[in-house]
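# A closer look at the structure
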Amino acid sequence: HALVPTSSWSGPERPIALGAFVLPNQAIQDSVTDLGKFAVPIEVVERFSGLEFFKFLPKQNAKYVKPLCAATKCNLPPPFQPK
């Protein structure tokens, strides 16, 4: 089966939300709750890792991609509290 967009195709039903994050290799202070603070362009992670994450995402769909933290809350969970 193949999906062939027609001239009336206006893109995906909803925007595609993508995000990449680089976190420090150390404990993150409990006061830091905004994961967006660690957001980086996906291309940065691809370049440094040698991986290509969205190789098959058609380039024409790039205009429908929005940052993950703009589409949802990028909050870290509360600190773990052992019982």
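Residues numbered from 1 in each chain as written. Predicted model: local features only at pLDDT ≥ 70, side-chain atom pairs only at ≥ 80, totals over all residues. Heavy atoms only, no water.

### Concerning the overall build of the chain
Formally: By definition, any uninterrupted DSSP run of H or I lasting at least four residues is a helix, any uninterrupted run of E lasting at least two residues is a strand, and each is numbered from the N terminus. Residue burial is assigned from relative accessible area. The probe radius is 1.4 Å, only protein chains are included, and a residue is buried under 20% of its type maximum, exposed over 50%, and partly exposed in between. Contact criterion: two residues are considered in contact whenever any of their non-hydrogen atoms come within 4.5 Å of each other. Surface accessibility follows the Shrake-Rupley procedure with a 1.4 Å probe radius. Residue values consider only the protein chains on display as shielding.
When helices and strands are tallied, the chain shows two helices and four strands. Each helix and strand of the chain, ordered N terminal to C terminal, gives the series β-β-β-α-β-α. Residues counted as buried form 13% of the 83 residues belonging to the chain. For the chain, contacts bridging at least 24 residues in sequence account for 60% of all contacts bridging at least 6. For the chain, the computed accessible surface area is about 7,300 Å², with 57% contributed by carbon and sulfur atoms.

### Observations concerning a nonpolar patch on the surface
To keep things clear, this is the line we draw: Here a patch means residues that are over 30% exposed by relative accessible area and free of salt bridges, tied together within 9 Å if like-charged and within 5 Å if nonpolar (Val, Leu, Ile, Met, Phe, Trp, Tyr). Salt bridge criterion: a side-chain nitrogen from Lys or Arg within 4 Å of a carboxyl oxygen from Asp or Glu.
A surface patch of nonpolar side chains, amounting to about 280 Å² of accessible area, comprises L51, F53 and F54. Relative to the helices and strands, F53 resides in the loop between α1 (42-49) and β4 (65-67). Exposure remark for F53: the relative accessible area of 42% places this residue in the partly exposed category.

### Notes on the confidence of the model for the chain
Going by this rule: The quantity called pLDDT is the predictor's confidence in a given residue, expressed from 0 to 100.
Here the chain averages 81 in pLDDT, and 83% of its residues register 70 or above. The least confident element of the chain is strand β1 (residues 16-18), whose mean pLDDT is 86; the most confident is strand β3 (residues 39-40), at 94.

### Considerations on the layout of surface pockets
What counts is decided by this rule: Only protein atoms enter the 1 Å grid used here, on which a cavity is any set of points holding a 1.4 Å probe that cannot leave and a pocket is any open set flanked by protein within 12 Å on both sides along at least five of seven lines; residues with an atom within 4 Å of a point are listed as lining. Grid points are joined across faces, edges and corners, and a volume is the space filled by probe spheres set on the points. Three classes are used, and their members are as follows: Ala, Val, Leu, Ile, Met, Phe, Trp, Tyr, Cys and Pro are nonpolar, Asp, Glu, Lys and Arg are charged, and the others, Gly among them, are polar.
Quantified by volume, the largest pocket comes out at close to 440 Å³. If you list the elements that add at least two residues to the lining of the largest pocket, you get β2 (20-21), β3, α1, β4 and α2 (68-71). By residue class, the composition of the lining of the largest pocket is 15 nonpolar, one polar and six charged.

### Describing the side chain of E46
Rule in force here: For the purposes of these results, a polar contact is taken to be a pair of N or O atoms within 3.5 Å, where, inside protein, one atom must be able to donate a hydrogen and its partner to accept one; residues adjacent in sequence count only when each atom of the pair is a side-chain atom.
Position of E46 relative to the elements: it lies in helix α1. There is a polar contact of 2.9 Å between the side chain of E46 and the backbone nitrogen of F53.

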